[in-house]
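Take a look at the letters that make up each chain.
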Amino acid sequence: MVLLGPARTTADGFELQLGTNMLGHFALTGLLLDDLGRADAARVVSLSSITHKNAHLDFDDLMSRRDFNASRAYGRSKLATTVFGLELDRRLRAAGSPVVSVIAHPGLSRSNLTPRAWEHRGRLGRIFARAGLLATQPAERGALPQLFAATAPNVRGGQFFEPSGLWEMRGRVVEVRPSTEAADPSVGRRLWTAAEALTGITYL
């Protein structure tokens, strides 16, 4: 996963956060789907974020070339990841596939990701990163929503798991609803078509 940082692109020319956090997962899932379909109770877990709820996908500028903002681009990448997970669930069901697609997000977890993300902003960024540690939970706790989504019995396709606490930053694992835009099937179809065109990977 990539979080914040200056404007950069992947080797394929995609905005780094969208390319890493969503398009790469879209392509990898397509390449592995036949094998997943032959596995026992396979699941695809898409990693969302709190930030997806305040994001909006600009299909005229998915790569954020017109007006790059690191925080906005990150939110868009996580909204795209959430849209992908839900659209994948719809398509798997329609195809009669046994594979299950679910979504989870870890809240705010204590790892090296946030300090590294803010280090390019100098002294103020480092202060912000240290202050942010006060609101975080241990990485082991942050992994629980993803582990629950991947391993808990009776998990259904399209479910979304996250921490239950204040602002979804920490706490026990609960099921929640994604944002209205993330759950919109028309947004899912449009993003899927765009992802196929961008990656050259077509499935379902």
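Read on for a plain summary of the structure. Note that the structure is predicted; figures quoted are calculated from it, not measured.

Let's talk about the overall build of the protein chain
For the protein chain, the count of helices and strands is eight helices and six strands. N-terminal to C-terminal, the α/β element order of the protein chain is α-β-α-β-β-α-α-β-α-α-β-β-α-α. Split into buried and exposed, the 204 residues of the protein chain put 46% on the buried side. Summarising the internal contacts of the protein chain: among those between residues at least 6 apart in sequence, 74% fall at separations of at least 24. Carbon and sulfur atoms form 55% of the exposed surface of the protein chain, whose accessible area is close to 10700 Å².

Some words on the packing of aromatic side chains
Throughout the structure, instances matching the rule amount to six aromatic pairs. Ring geometry for Phe-26 versus Tyr-203: centroids 5.0 Å apart, planes at 40 degrees, classification tilted. You can see Phe-26 sitting in helix α1 (residues 16-38) and its partner Tyr-203 sitting in the segment after α8 (185-199), a full 177 residues away along the chain. For the pair Phe-26 and Tyr-203, one class covers both residues: buried. Here the aromatic residues Phe-26, Phe-84, Trp-192 and Tyr-203 are joined through ring pairs into a cluster of three or more.

Looking at the pairing of strand β1 (residues 43-47)
Only one face of β1 is buried: it carries Val-44 and Ser-46, and the other face, with Arg-43, Val-45 and Leu-47, is open. Bridging between β1 and strand β2 (residues 100-104) involves five bridges; their strand directions are parallel. Looking across to β2, one finds that Leu-47 is bridged to Ala-104. Of the crossover connections in this fold, the one passing from β1 over helix α2 (residues 70-94) to the parallel β2 is right-handed.

Thoughts on the packing of α1 against α8
One can describe the packing of α1 onto α8 by two numbers: an axis separation of 10 Å at closest approach and a directional angle of 80 degrees. In terms of orientation, α1 and α8 fall into the roughly perpendicular class. Along the contact surface, α1 presents Met-22, Leu-23, Phe-26 and Ala-27, while α8 presents Leu-191, Trp-192, Ala-195, Glu-196, Leu-198 and Thr-199. When grouped by side-chain class, the residues that make up the contact of α1 with α8 number eight nonpolar, one polar and one charged.

So, the sheet that holds β2
Strand order in the open sheet made by the four strands is β1-β2-β5-β6, with mixed pairing throughout. Edge positions in the sheet fall to β1 and β6 (173-175), since each of these pairs with one other strand and no more. Across the sheet, the axes of successive neighbouring strands diverge by a mean angle of 30 degrees, strand direction being ignored. Sheet contacts for helix α6 (residues 144-151): β1, β2, β5 (160-163) and β6; angle to β1, the most-contacted strand, approximately 160 degrees.

Points about the side chain of Ser-46
By the secondary structure assignment, Ser-46 is in strand β1. Overall, Ser-46 belongs to the buried group, its relative accessible area being 5%. When residues no more than four places from it in sequence are discounted, the contact partners of Ser-46 are Thr-81, Phe-84, Gly-85, Val-102, Ile-103 and Ala-104.

With respect to the pattern of salt bridges
Pairing between side chains becomes possible if they bear opposite charge and their charged atoms approach one another. Tallying each qualifying case throughout the model produces six salt bridges. Put simply, Asp-58 and Arg-66 hold a salt bridge, and the shortest N to O gap is 2.8 Å. Across the salt bridge formed by Asp-89 and Arg-93, the nearest N and O atoms sit 3.0 Å from each other. Separated by four residues within a single helix, Asp-89 and Arg-93 lie in helix α2, roughly one turn from each other. Asp-89 gets classed as buried once you look at its relative accessible area, which sits at 8%. Each of Glu-87, Arg-90 and Arg-91 takes part in salt bridges that share partners, so that together they form one network.

Reading the values: rules and limits
Think of each chain on its own: its residues are numbered from 1, step by step along the sequence as written. Per-residue local features of the predicted model are confined to residues with pLDDT of at least 70, and side-chain atom pairs are confined, for both listing and counting, to 80 or more; whole-chain, interface and lining totals are unaffected and use all residues. Each side-chain value is derived from all of the structure's non-hydrogen atoms; neither hydrogens nor water enter the calculation. For the purposes of this entry, the term helix denotes a DSSP run of H or I that reaches at least four residues, the term strand denotes a run of E that reaches at least two, and both are numbered from the N terminus. Relative accessibility under 20% of the residue-type maximum defines a buried residue, over 50% an exposed one, and the middle range a partly exposed one, all with a 1.4 Å probe and only protein chains included. Any two residues whose heavy atoms approach within 4.5 Å at even a single point are treated as in contact. Here the Shrake-Rupley method, with its probe set to 1.4 Å, supplies the accessible areas, and only the displayed protein chains count as covering residues. Stacked, tilted and edge-to-face are the three classes applied to pairs of Phe, Tyr and Trp rings, where Trp contributes its six-membered ring and a pair requires centres within 6.5 Å; stacked means planes under 30 degrees apart, edge-to-face means over 60, and tilted covers the rest. Here, a strand pair is defined by DSSP locating no fewer than two bridges between the strands. Classification remark: right-handed applies to a crossover when, strands pointing away from the viewer, the course from the first strand over the helix to the second runs clockwise. Under this scheme, a helix contributes an axis fitted over its contacting stretch, all axes are lines through C-alpha atoms, and angles between N-to-C directions fall in the 0 to 180 degree range. Oblique is the label for every angle not falling under 35 degrees (roughly parallel), over 145 degrees (roughly antiparallel), or within 65 to 115 degrees (roughly perpendicular). Gly falls in the polar group here, along with every residue not listed as nonpolar (Ala, Val, Leu, Ile, Met, Phe, Trp, Tyr, Cys, Pro) or charged (Asp, Glu, Lys, Arg). We define a salt bridge as a contact between a side-chain nitrogen of Lys or Arg and a carboxyl oxygen of Asp or Glu at a distance within 4 Å.

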